[in-house]
Amino acid sequence: MKLLNLIIFAAALLFGCSKPIEKFSQSDIPACQNNKITNQYIAHWKNSKPTLVYKKNISQFIKEHFDQIDLVEPNYYLVKQRSSAVKKIQPSYSTQFFQELIHANSAWQNGYYGQGIQVAIVDAGVDISHPLLRNHLATNESELSNGINNIDDDHNGYVDDIYGWNFVSNQNSNNDETGHGTAIAGIIGGNSGGPSLALAPEVKILAVDFMTEADGTEFNAQQSIFYALSRHVQIINDSWTISCSVLLKNSFDEWSQQNVIFVNASGNMPIDVVLNDVTPASFSTTNIINVGSSDDLGNRSLFSGYGKTVSLFAPGELIPVIFSLSGFDQSKSASGTSFSAAIVSGAA
């Protein structure tokens, strides 16, 4: 409470009057104060979608638009869920153990391979040229029919977005500089007729990139999910967290009415996601599944986030993964709630 009072006092000094303070909101969590992006703010407008505002003097902006806005908040950095270092698996260790743990064979024997399902991976990009993924991509047919022509053929605001969109560079390129999104995609779907880790090998993957190796932003995360919804996907995989965002809290409330399933990682810190206001894992609506990590015995992983909104724990330790341009390597694995979420997205 003392920290919150200091923030309010500082805001009073900044704005010089009480009226703009009513329209300004920022998290009192110390980590969030460190993650604010200098001179970037998100304006929540009363009659239109939120926009990103670049202002040195945000108090003046609020005064000028006081009657048109609900509130203004800083734009924050967020980071993807960091997995453990890549490890080698012993040859005797079954690379399909997580498929066995969730009884994937039962679904396959009944003919369920993800047919007709599109999954958006809102992350750090996906290697769309990967041999296990390139034939399993969700395509924008309106753009595909005319090819790369530098024209927004379907008038959705994104030029040549055949396979998705990169909100970092604001273009249609979809390179995965981290391998994180590609690893998630390989768990969910994709194969080339040979060995595969995919739980749903016939799903279509939509790559939506809003993060770099270092971080992403709150505003780009929201824009990425809006884009995925506009592409009419059935599942959105979010393997990242933030604890600062009013924007995403409001947005997920609105998205609760959408005909889509959000699968969110609970984070790789052993904390209560509700008490620590972890977004989006602390949210609870009928179309959200928040996922923690378990070991091969079904126990919660020591690194996993938890709490009353975390409804499932799925395997998240030593999960075999694919990497950009590497094909299928049965000796590589990684750990983290990112991969637990991917397993649930593949099973959903």
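Cut-off values and rules
- Residues numbered from 1 in each chain as written.
- Predicted model: local features only at pLDDT ≥ 70, side-chain atom pairs only at ≥ 80, totals over all residues.
- Heavy atoms only, no water.
- Phe/Tyr/Trp six-rings, centres within 6.5 Å; stacked < 30°, edge-to-face > 60°.
- Helix = DSSP H or I, 4+ residues; strand = E, 2+ residues; numbered from the N terminus.
- Buried < 20%, exposed > 50% of the residue type's maximum accessible area, 1.4 Å probe, protein only.
- Salt bridge = Lys/Arg side-chain N within 4 Å of Asp/Glu carboxyl O.
- Pairing = 2+ DSSP bridges.
- Expected span 1.5 Å × (residues − 1).

Draft legend 1. Local environment of the packing of aromatic side chains. A complete count under the given rule lists twelve aromatic pairs for this structure. Geometrically, the ring pair formed by phenylalanine 226 and tryptophan 255 is edge-to-face, given 5.4 Å between the ring centres and 90 degrees between the ring planes. Here the residue phenylalanine 226 occupies a position in helix α9 (residues 218–230), and tryptophan 255 occupies one in helix α10 (residues 246–255), the gap between them amounting to 29 residues. With a relative accessible area of 22%, phenylalanine 226 lands in the partly exposed category. Arranged with centres 5.0 Å apart and planes meeting at 75 degrees, the rings of phenylalanine 252 and tryptophan 255 form a pair that is edge-to-face.

Draft legend 2. Region of interest: the pattern of salt bridges. With the rule as written, the count across this model stands at two salt bridges. One salt bridge in this structure joins aspartate 161 and arginine 231, with 4.0 Å as the shortest N-O distance. Of this pair, aspartate 161 sits in the loop between α7 (141–144) and β6 (164–166) while arginine 231 sits in the loop between α9 and β9 (235–238); the two residues are 70 residues apart in sequence, bridging distant segments of the chain. For lysine 249, the salt bridge is made with aspartate 253, and the minimal N-O distance between the two is 3.0 Å. Of this pair, lysine 249 and aspartate 253 both sit in helix α10, four residues apart, which is roughly one turn of that helix. Classification of aspartate 253 by relative accessible area gives partly exposed; the value is 39%.

Draft legend 3. Looking closely at the pairing of strand β1 (residues 36–45). Of all ten residues in β1, seven are buried, a share of seventy percent or more. Summarising the sheet, β1 and strand β2 (residues 51–54) pair through four bridges and their orientation is antiparallel. Bridging across to β2, tyrosine 41 finds its partner in valine 53. Here β1 folds back onto β2 in antiparallel fashion, the turn holding five residues.

Draft legend 4. Here's a closer look at α9. When the terminal C-alpha atoms of α9 are compared, their 19 Å separation across 13 residues agrees well with the 18 Å that a helix rising 1.5 Å per residue should span. Burial analysis of α9 places ten of its 13 residues in the buried class, the great majority of the element. For α9, the set of buried residues is Glu218, Phe219, Asn220, Ala221, Gln222, Ser224, Ile225, Tyr227, Ala228 and Leu229. Residue histidine 232 follows α9 closely and has a positive phi angle near 60 degrees.

Draft legend 5. A look at the pairing of strand β11 (residues 261–265). Most of β11 is tucked away: four of the five residues are buried. Across four bridges, β9 lies against β11 in parallel orientation. The partner of asparagine 237 across the bridge, within β11, is valine 263. Judged from the four bridges that link them, β11 and strand β12 (residues 288–294) form a sheet pairing that is parallel.

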